[in-house]
Amino acid sequence: MGFFDRLKDGLSKTRKGFTEKIEQLITGYATIDEEFLEELEAVLLMADVGVHTTMQLIEDIRGAIKAKKINSPEELRPFLAVRIGKILNEGMVPLARATEGPTVIVVVGVNGVGKTTTIGKLGHYYHDQGNKVLLAAGDTFRAAAIDQLEIWGQRIDVDVICQSEGSDPAAVAYDAVQAAKARKADILIIDTAGRIHTKSNLMEELKKIHRVISREIPEAPHEVLLVLDATTGQNAISQAKLFKEAVNVTGVVLTKLDGTAKGGVVVAIKADLGLPVKWIGVGEGADDLRPFDPAEFAEALFSKN
Amino acid sequence: MVFEGLADKLQQTFKKLRGRGKLSETDVNEAMREVRVALLEADVNFKVAKDFIAKVKERAIGQEVLGSLSPAQHVIKIVNDELTALMGGTQSRITVSSRPPTVVMMVGLQGAGKTTTAGKLAKYLVKQNKKPLLVAADIYRPAAIKQLEVLGQQLEVPVFSLGDKESPVVIAKKAMEHAQAYARDFVIIDTAGRLHINEELMGELKAVKQAVKPHEILLVVDAMTGQDAVTVAEAFNKDLGLDGVILTKLDGDARGGAALSVKKVTGCPIKFTGQGEKLDALEPFHPDRMASRILGMGDVLSLIEKAESTIDFEKAQALEKKLRKEEFTLEDFLDQLQQVRKLGPLENILGMLPGMGDLKKLKDVQIDEKQVKRVEAIIQSMTTQERRDPSLLNGSRRKRIALGSGTKVQDVNRLLKQFDDAKKMMKRFQGMSKHKKKGGFKLPFMQ
């Protein structure tokens, strides 16, 4: 099964909820009237797109109707797909790589979004592409988080740099960067403890990790990835905002898209904060994380079958 | 786009209505639009919000606005009342079986916080002199068993595990035997996180349920969950029959609309809330506080209650008297500062105040703990006389104080200015407080 199929498969529930409803709407209405728009608004809101962005999209549709770009409900689907695809696509930059030396990727997020699992999968992806990968167990807080990463390391055949539980995560990051240089690793992925974004002391700790890394390699970290759980609602915006302020997040990893959650909040995050989705996770297997393709995503969301 | 307090918005909507006697349909409709947005921004499920609005509308239209309230306040009161009612009464109790052990099963999606919550629940039971046994039945997530074992060590609660090779059903059954043999009166089973649409894993949960007949099946829900909360809760309830809900990660700034959705679709009480990673951070659920949190009105009640139990009441009264006589001194300022700090980290307290959920807006409010310590040091470096009469503080005295407290003269000056401002503000507060029933104390530097 190719990735697009897997994505479609993973998103099939998403599509079921989302596109089917739009489909029903489209077949149920002969013309676009206020009632139709209200229903459409409901569909978008139910996908966690958020009030603000939903209103914006509805306004866009109104505008398009006025300008005669949309004349019937059938023309709505392509319009929406293009519009959302465009929001997600704007300012997309390829995955950053270091010009020389190791590429450092730091993974951050609140508790329970799947950071450690994401790192296992990310490591697998890069390892599969023939890179020398190193993982660093920077979550020294949660019980057994280090063990969890080590198990992943064994599973995907990649070395894991770690210290004991309770040690300073910045020290782990320092060690890891040194090790990555010494062992000539291509990719270093650093785990961090889950933290609620409103706890300023924990955010300071994250900043310290960031500082330590860029002291050793000036342009590092090359990527700071914020992991978001697709089931998360509007709070994801606040998470993205505060993490971005603290450590200059470069992209979002959207996980758990294989459930019924729609993850529509990424549209709002992109529209409001300009933060692009870079990876999506659609399952529990090591292969189920891939670079995000906005066009593909929008197409999968809106394709008919 | 950050949440503006609903209260502020409604206030604006109703500005033009001041002094009208009855709530007309147009007034209510306009207000409900804002309420709807607030609910949706708080992640209340779209349909749940719709039903709720319809109900409140019906109740509100034509109501006489109470003399003491503005129309906006009146609408908030109605909305808040309804929301509280919908969320159910307080019921932070675990059903205890007459024939021990009582079996509690924790279920939920991945990452909701089941394992941590299982640990918290164990601690909660230990505090009540119970003897819980934690059971590691999550055989899928790498190191999940280890995580529970570490928690067990920290809590000094035994953890039963058979590694990850036995099936959860076998583990649960053997755990029951173990509990009986070792006279543990509570068995808490930590299950693997799973997607509600994964039939295989749901089937496994059903089998565990069959095997051990738990007295309580608790769904652990992340407070940050969006619209999907309804689907998840429905699925778990349908397959397993839930007895209660634990809402986790409420220590962040999520407004927690999921609470309302879950309550609505399952009808189960929300029994506890998780407020942090510390193991004693399991708190009873308060529907009224949750209601105002969802509405974005801040957790005023929590603050008041917390403050009442921590702040020395007599001191507060003495302070009020002083305020009235306008004798507020730096000594009192320090005293108050120390009282407030007893409540916990300042940012927590500020977060509970209405309109302050978004700390980034508070650029002018110092919430830096270090800053507070500095203020303390400065005041403590003053003589008693100086504290009582800041006008004594000339240049050389200020220099001395700065030296004594390890700060700069500018810091001393700034503090004196702040103190002056606080004093002014308190005068204003005084005028306001006559209209309020509660609120015998005030926290000056908080607005």
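Being a predicted model, the structure only gives us computed values, none of them experimental. (Residues numbered from 1 in each chain as written. Chains lettered and ligands numbered in written order. Predicted model: local features only at pLDDT ≥ 70, side-chain atom pairs only at ≥ 80, totals over all residues. Heavy atoms only, no water.)

## Considerations on a negative patch on the surface
Residues and elements named next belong to chain A. Together, Asp33, Glu35, Glu38 and Glu39 make up a region of like negative charge exposed at the surface. Within the element layout of this structure, Glu39 appears in helix 3 (residues 34-46). Given a relative accessible area of 37%, Glu39 falls into the partly exposed group. (Patch = residues over 30% accessible without salt bridge, like charges linked within 9 Å, V, L, I, M, F, W, Y side chains within 5 Å. Areas by Shrake-Rupley, 256 points an atom, 1.4 Å probe, with all protein chains shown as cover. Salt bridge = Lys/Arg side-chain N within 4 Å of Asp/Glu carboxyl O. Lys, Arg positive; Asp, Glu negative; His and termini not counted. Charge placed at Lys NZ, Arg CZ, Asp CG, Glu CD. Helix = DSSP H or I, 4+ residues; strand = E, 2+ residues; numbered from the N terminus. Buried < 20%, exposed > 50% of the residue type's maximum accessible area, 1.4 Å probe, protein only.)

## With respect to the domain arrangement of chain A
All names here are of chain A. For chain A, the assigned domains are domain 1 (3-89) and domain 2 (103-293). On a C-alpha basis, the centroid separation for the pair domain 1 and domain 2 is 32 Å. Contacts between domain 1 and domain 2 engage 19 residues on the former and 25 residues on the latter. At the boundary of domain 1 with domain 2, total buried surface from both sides reaches about 1,800 Å², with 65% on carbon and sulfur atoms. For the pair domain 1 and domain 2, the interface holds zero salt bridges. Viewed at the interface, domain 2 and domain 1 are joined by four residue pairs in polar contact (both at pLDDT 80 or more). Put simply, the parts of the chain that give the side of domain 1 that touches domain 2 at least two residues each are helix 1 (3-10), helix 2 (12-28), helix 4 (51-66) and helix 5 (76-89). Class assignment of the residues belonging to the side of domain 1 that touches domain 2 gives a composition of nine nonpolar, seven polar and three charged. (Domains from an automatic or database assignment. Contact = heavy atoms within 4.5 Å. Buried area = accessible area lost by both parts, 1.4 Å probe. Polar contact = N/O pair within 3.5 Å; in protein donor to acceptor, adjacent residues only side chain to side chain. Nonpolar A, V, L, I, M, F, W, Y, C, P; charged D, E, K, R; others polar.)

## As for the environment of Arg36(B)
Locating Arg36(B) in the fold gives a position in helix 2 (residues 25-41). Take Arg36(B): its relative accessible area is 23%, and that puts it in the partly exposed class. Sequence spacing of Arg36(B) and Ile53(B) is 17 residues, and the spatial spacing of their C-alpha atoms is 7.0 Å. Discounting residues that sit within four places of it in the chain, Arg36(B) has contacts with Glu41(A), Leu45(A), Phe46(B) and Ile53(B).

## Notes on unusual backbone geometry
Backbone torsion omega between Ala220(A) and Pro221(A) reads -10 degrees, so that peptide bond is classified as cis. If you trace the backbone, Pro221(A) turns up in the loop between helix 9 (200-216) and strand 5 (223-229). For the bond running from Pro100(B) to Pro101(B), omega is 0 degrees, close enough to zero to count as cis. A positive phi angle, near 45 degrees, is found at Lys213(B), a position not held by glycine. Note that Lys213(B) resides in the loop between helix 8 (199-212) and strand 5 (216-222).

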